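These are the residues of each chain, in order.
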Amino acid sequence: MATRNVDQRDPDEIVDDLDLEDEDDDDDDDDDDDDDDPGEASMTLVEHLEELRWRIFKSAIAIVVFGIVAFIFREQIQQFLTYPLPKSADALGGKPIITGVGEGFTVFLKISFAVGFLLALPVILYQVWAFISPGLLAREKKNAVPFIVIGIVLFVMGIALGYVVLRFPVEWLINFASDSFTPLISADSYYTFITFFMLAFGIVFEIPLVLTFMAQIGLITAKTLTKRRAMAYVIMWVAATFLTPGADPYSPIILGAAMTFLFELTIIFIRIFKREESEAVA
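Source: prediction; values computed, not measured.

A. Seen up close, the packing of aromatic side chains. Applying the stated criterion to the full structure yields 7 aromatic pairs. Ring geometry for Phe193 and Phe197: centres 6.0 Å apart, planes at 25°, overall stacked. Taken as a pair, Phe193 and Phe197 lie in helix α8 (residues 187-204) at a separation of 4 residues, close to a single helical turn. The partly exposed category is assigned to Phe193, whose relative accessible area is 29%. Residue classification places Phe197 among the buried positions, given a relative accessible area of 6%. In textbook terms, an aromatic cluster arises when at least three aromatic residues are bridged by ring pairs, as seen for Phe193, Phe197 and Phe201.

Structure representation (structure tokens):
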């Protein structure tokens, strides 16, 4: 009786039942594939925090290791950083002075930490990249690697230019009141000043990446920057005048020329990335 009832069913109903069974089998296969591929599984908040903790820990370890290496070569680094200091900086022979029992040790620790952070920058950026990459699209991952490499190169170039320019404002600031005061430059104040000075140059050199990122998310375009080039030049040269301490003409000219070059480089970056994006869509 049951067999006869099945045989008497409408053929369309039999086809629909077979289709439903095939879809159920496909869903089961997809579930099995998802279970076999752990990379596709979403992470919980606790797992994200755990990974973030390990990324920060690895970055800190890199800073400590490179800081120890820098501390070993502290004398050479200290001589290199003291080179921009003029011989007339103080009455004791052109060397920074210390005013406390442990100040010399503290200054060397600060220098070692700063150099260690600079040397560990590729490791830090890689840890940041490894943390955020699972949530990026394929196109975003493709653009992120050049961004990181170019960002490191530009930052190092900015610090190098800051070191070259450094001697001009330092010499002017020290000699400005040398007739009225006896200059005794403390090591802590000098190395803090040059650290922030070179760091400012390094940050300024990141302008192309910032503007290119803004173009990637649609806030600006290469056409907009080209159209407002004159206004941008005025703003950059005025900013270069205020960012460089001292009244020497060399520092603002060098920084202004560098910012102008970076602005034009930004337009090139935006056009290249947009062209690659258009080709990928096509």
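There's plenty left to go through after this.
B. Inspection of the pattern of salt bridges at higher detail. All told, the structure shown has 4 salt bridges when counted by the stated rule. Between Lys110 and Asp188 there is a salt bridge whose closest N-O contact spans 2.8 Å. Placement of the pair is Lys110 in helix α5 (residues 103-119) and Asp188 in helix α8, with a sequence separation of 78 residues. Notably, a salt bridge pairs Arg229 with Glu264, separated by 2.8 Å at the nearest N-O pair. Here the residue Arg229 occupies a position in helix α11 (residues 229-243), and Glu264 occupies one in helix α12 (residues 250-281), the gap between them amounting to 35 residues. We classify Arg229 as partly exposed; its relative accessible area is 25%.

C. Fine view of the environment of Ile174. Tracing the sequence through the fold places Ile174 in helix α7 (residues 138-176). For the pair Ile174 and Leu85, spaced 89 residues apart in sequence, the C-alpha to C-alpha distance is 9.0 Å.

D. Inspection of the nonpolar core at higher detail. Ranked by internal contacts, the top residues of the largest apolar core, which has 47 residues, are Leu81, Tyr190 and Tyr191. When residues of this core are traced back to their parent elements, those giving at least two are α4 (74-82), α5, α7, α8, α9 (207-216), α10 (222-227), α11 and α12. Broken down by element, this core gets its largest block of residues, 11 residues, from α7. Here Leu81 is in contact with Ile111, Tyr163, Tyr190, Tyr191, Ile194 and Met198, once residues within four sequence places are set aside.

Rules of the game
Residues numbered from 1 in each chain as written. Predicted model: local features only at pLDDT ≥ 70, side-chain atom pairs only at ≥ 80, totals over all residues. Heavy atoms only, no water. Phe/Tyr/Trp six-rings, centres within 6.5 Å; stacked < 30°, edge-to-face > 60°. Helix = DSSP H or I, 4+ residues; strand = E, 2+ residues; numbered from the N terminus. Buried < 20%, exposed > 50% of the residue type's maximum accessible area, 1.4 Å probe, protein only. Salt bridge = Lys/Arg side-chain N within 4 Å of Asp/Glu carboxyl O. Core = buried A, V, L, I, M, F, W, Y, C linked by side-chain atoms within 4.5 Å. Contact = heavy atoms within 4.5 Å.

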